[in-house]
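For reference, the chains in residue letters:
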Amino acid sequence: MPQGPAPIHPVVPRPLSRRTLFVGAGAAATTLALAACDGEPSGKQSAEPGGLTASLSEYGKAGGDVPVWQMTYDIDEDEDSPETYSGPAQAARHAALQDKRSAQDWTAGDPLLVLDPYGTTRSGLYVHFAVADSGTLEFTITADATADYHRIAANHAEDGTGFTGLLVGLVPGARNHLRLTWTPTGGEPITRELDIQPPGASSVYQTQLSVDVPDPEALSPGLFALTGVSSSGNASFLFDNEGVGRGELLSTDHPNHNIRVENGRLVVTTGSQQVSVIDPFGHADPIIDTGDQVIHHDLEVVGDLVYVPTSKSGAECVEDRITRIDLTTGDVAEVVNLQTVFPEYEKLAHAREEGFAGGTDATGKDWIHINSVQIVDEIMYLSARETSTVFALDDALEPDSTPSVRWMIGAQEIWEGTGYEDLFLAPDGSPTGNAGQHSVARLDDDALPAGQYYVEMFNNNHWFLGTRDDEVWQDVGPEGASPDDFEGVSQILRYLVDENAGTFREDQRVDVAYSSVVSNVQRIGDDSLESPMVVNSGKANVFAEHASDGQLVGTFRYGSSNMAYRVYKDAFDGFWFTGA
């Protein structure tokens with residue numbers, strides 16, 4: 001084995017009779033042309049190449065002990081490159097990768113390394129070798145002006161021997177030195193080193209955040225995913241606890257609405273009318289189109305069912321439905337239309353005045369504006385930003401069911417005369433009151449009696465309705481809520497709901513940077529009171545990690561032309577990494 005990495009050198013491409021297009025991490029995600037018209041097909045995309053072929057060639061900006069490969073399409077000069085998130089493109093990439101794996105015996109000393117083989121992670125490095133032993137693969141990434149990044153890679157080899165997995169952590173656009181160490185069970189370590197410069201971040205986004213973390217050991221392990229950054233494309237940018245960019249999760253015509261890692265898969269929206277399941281290697285399959293249901297804001301996973309807030313294209317009213325996607329069959333079905341749940345309130349609302357900047361691209365009568373969905377014990381919990389209302393629905397999970405309101409929390413006064421006033425939980429004490437809230441989540445606690453649980457949210461604390469006349473709403477909002485777009489205080493806000501008594505009371509409030517729209521609070525790992533939190537104040541361009549009790553642990557500032565939608569954090573344990 002050479003003593004050190006060879007210098008990076010250009011690779012002379014092989015001649016082709018047809019145009020070879022680099023489609024790995026360096027190719028930006030192509031925007032899908034989604035016209036959102038009635039009759040658009042829904043369901044699973046075909047996982048067959050359909051005549052499309054791909055192959056591997058050496059990546060020119062890498063050198064060292066072993067070569068790095070990149071994925072290429074073989075297409076005619078006048079052919080457009082296929083969409084990354086399309087069944088044929090993913091199938092062609094997958095076939096090319098399998099062919100390369102079969103081309104020779106890959107060993108720990110001579111592994112197969114492929115940069116972003118499925119085009120979904122930009123700088124993820126696929127590693128594969130087949131040996132008779134089990135073991136662990138550790139990797140260390142060194143780049144100028146950043147702390148070393150050392151992890152143990154999650155192994156997804158089918159028979160438990162050798163290694164197959166994706167290394168996530170290369171700094172986009174930087175010259176990275178990568179050290180790989182395979183330690184077989186009971187054997188001597190084998191180390192390989194190389195230099196690699198993956199493509200820069202899409203939209204040339206920053207790869208170093210401004211960080212204020214007094215005690216780095218207090219941070220939870222994992223990667224932050226920053227989604228919906230204004231004027232920076234639709235990728236989700238991944239950052240470590242040092243604020244260093246470690247990769248991306250690419251999307252198409254809309255940012256990822258939520259990022260859910262569970263049961264060995266990543267379930268995510270990859271477009272305004274598309275949900276994909278991505279495996280640990282970056283392979284998107286299945287890819288399911290939602291037809292005339294346009295997704296916005298959030299995503300909930302219950303087994304193999306995904307629930308998303310949607311707008312039905314062509315409808316007068318928008319952001320007022322929930323659609324269910326079956327990941328097994330590809331079936332897409334609307335399960336909730338809030339116009340039929342709250343018909344009397346919907347009649348009172350009007351379309352927003354032209355020029356209203358409420359943080360949405362929806363055009364139409366945005367009378368309720370659902371921005372989060374969660375399902376626990378077959379109860380659907382929804383956050384309605386336009387009405388500053390949180391409510392729970394029963395019988396809302398099946399397309400042939402009739403949803404009913406279990407309870408509501410919010411400014412009861414704006415619902416006067418609609419017939420829904422008696423559905424509001426009564427305040428116990430003097431709670432802060434939610435205004436323009438986002439990311440509502442139920443938290444259970446075994447110490448509570450049956451019928452009680454917590455409801456936690458990012459309380460934007462912004463009081464404004466663009467779909468009702470001023471005299472109806474201006475003077476009835478929560479005391480202390482701000483009518484201003486830029487001046488105010490937002491909160492992590494938690495209520496204790498007592499369904500038995502029909503009440504709610506404030507359990508915790510933590511002031512955070514003000515954001516009139518967007519933003520979120522997420523319990524890292526699971527919806528538990530014991531879990532730490534990541535909190536994004538999108539209009540303030542800052543996210544923070546808080547301990548489970550709300551204490552501030554660290555602050556991260558990012559750039560945008562306006563805002564970033566949400567920030568999530570996950571350890572990716574068993575998916576990309578093993579242990580902390």
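Structure shown above.
My aim in this report is to walk through the structure given alongside it, one point at a time. (Residues numbered from 1 in each chain as written. Predicted model: local features only at pLDDT ≥ 70, side-chain atom pairs only at ≥ 80, totals over all residues. Heavy atoms only, no water.)

Looking at the overall build of the protein
No. 1: Looking only at helices and strands, the protein has four helices and 39 strands in total.
No. 2: Taken over C-alpha atoms, the radius of gyration comes to 25 Å for the protein, in line with the 25 Å a tight globule of 580 residues would show.
No. 3: Reported as C-alpha extents along the three principal axes, the dimensions of the protein are approximately 80 × 55 × 40 Å.
No. 4: By residue count, 56% of the 580 residues in the protein fall in the buried class.
No. 5: Of the roughly 22400 Å² that the protein leaves accessible, carbon and sulfur atoms contribute 46%.
No. 6: Looking at charge distribution, the protein has the averaged site of its 34 positive side-chain charges lying 4 Å from that of its 88 negative ones. (Helix = DSSP H or I, 4+ residues; strand = E, 2+ residues; numbered from the N terminus. Rg over C-alpha atoms; globule rule 2.2 N^0.38 Å. Buried < 20%, exposed > 50% of the residue type's maximum accessible area, 1.4 Å probe, protein only. Areas by Shrake-Rupley, 256 points an atom, 1.4 Å probe, with all protein chains shown as cover. Lys, Arg positive; Asp, Glu negative; His and termini not counted. Charge placed at Lys NZ, Arg CZ, Asp CG, Glu CD.)

Thoughts on the packing of aromatic side chains
No. 1: What the rule picks out here adds up to 23 aromatic pairs.
No. 2: Measuring from centroid to centroid gives 4.4 Å for Y205 and F237, while their planes differ by 20 degrees, and the two rings are stacked. A residue pair is termed long-range when its members are at least 10 positions apart, and Y205 in the loop between β12 (190-196) and β13 (210-212) and F237 in strand β15 (residues 236-239) qualify at 32 residues. The same class applies to Y205 as to F237, namely buried. (Phe/Tyr/Trp six-rings, centres within 6.5 Å; stacked < 30°, edge-to-face > 60°.)

Comments concerning the sheet that holds strand β18 (residues 265-271)
Sheets are built from strands that pair by backbone hydrogen bonding, the pairs being arranged parallel or antiparallel.
No. 1: An order of β2-β20-β19-β18-β17 is seen for the five strands of this open sheet, with the pairing classed as antiparallel. In this open sheet, the two edge strands, each paired with only one partner strand, are β2 (42-44) and β17 (259-262). Across the sheet, the axes of successive neighbouring strands diverge by a mean angle of 20 degrees, strand direction being ignored. (Pairing = 2+ DSSP bridges. Axes fitted to C-alpha atoms, helices over the stretch in contact; angles between N-to-C directions.)

A look at the sheet that holds strand β35 (residues 520-523)
No. 1: With respect to topology, five strands assemble into an open sheet ordered β13-β38-β37-β36-β35, the strand pairing being antiparallel. At either end of the open sheet lies a strand with only one pairing partner, and these are β13 and β35. Between one strand and the next, the sheet's axes are offset by a mean angle of 15 degrees, whatever the strand orientation.

Focus: a negative patch on the surface
No. 1: There is a patch of like negative charges on the surface, built from E353, D469, D470 and E471.
No. 2: Note that E353 resides in the loop between α3 (343-348) and β26 (370-376). (Patch = residues over 30% accessible without salt bridge, like charges linked within 9 Å, V, L, I, M, F, W, Y side chains within 5 Å. Salt bridge = Lys/Arg side-chain N within 4 Å of Asp/Glu carboxyl O.)

Focus: the environment of Q70
No. 1: Structurally, the position occupied by Q70 is in strand β5 (residues 69-75).
No. 2: Counting along the chain gives 377 residues from Q70 to A447, while the straight-line C-alpha distance between them is 53 Å.

Things to note about the pairing of strand β19 (residues 274-278)
No. 1: Burial analysis of β19 places five of its five residues in the buried class, which makes it a mostly covered element.
No. 2: Here β19 shows no split at all, with Q274, S276 and I278 on one side and V275 and V277 on the other all buried.
No. 3: Summarising the sheet, β18 and β19 pair through five bridges and their orientation is antiparallel. Its bridge partner being in β19, L266 is matched across the sheet by I278.
No. 4: From the end of β18 to the start of β19, which pair antiparallel, there are two residues.
No. 5: With four bridges connecting them, β19 and strand β20 (residues 284-290) associate as antiparallel partners. The residue bridging S276 from the neighbouring strand is I287, located in β20.
No. 6: Between the antiparallel neighbours β19 and β20 lie five residues, among them G282 with a positive phi of about 100 degrees.

Considering the side chain of D326
No. 1: Mapped onto the elements, D326 comes out in strand β24 (residues 321-326).
No. 2: Buried within the structure, D326 lacks any salt-bridge partner; its nearest side chain of opposite charge belongs to R324, at an N-O separation of 5.6 Å.
No. 3: Of the polar contacts made by the side chain of D326, one reaches the backbone nitrogen of T328; its length is 2.8 Å.
No. 4: Once residues within four sequence positions are removed from consideration, D326 is found in contact with I288, D304, L305 and D331. (Polar contact = N/O pair within 3.5 Å; in protein donor to acceptor, adjacent residues only side chain to side chain. Contact = heavy atoms within 4.5 Å.)

Focus: empty space enclosed by the protein
No. 1: Overall, the coordinates contain four cavities of 30 Å³ or more when judged by the stated rule.
No. 2: In this model, the largest cavity occupies a volume close to 50 Å³.
No. 3: A108, P111, V127, F129, L137, L180, W182, I190 and R192 are the residues that line the largest cavity.
No. 4: Put simply, the parts of the chain that give the lining of the largest cavity at least two residues each are β7 (125-129), β11 (176-184) and β12.
No. 5: A class-by-class count of the residues in the lining of the largest cavity yields eight nonpolar, no polar and one charged. (1 Å grid on protein atoms, 1.4 Å probe; cavity = no way out; pocket = protein on both sides within 12 Å on 5 of 7 lines; lining within 4 Å. Points joined across faces, edges and corners; volume = space filled by probe spheres on them. Nonpolar A, V, L, I, M, F, W, Y, C, P; charged D, E, K, R; others polar.)

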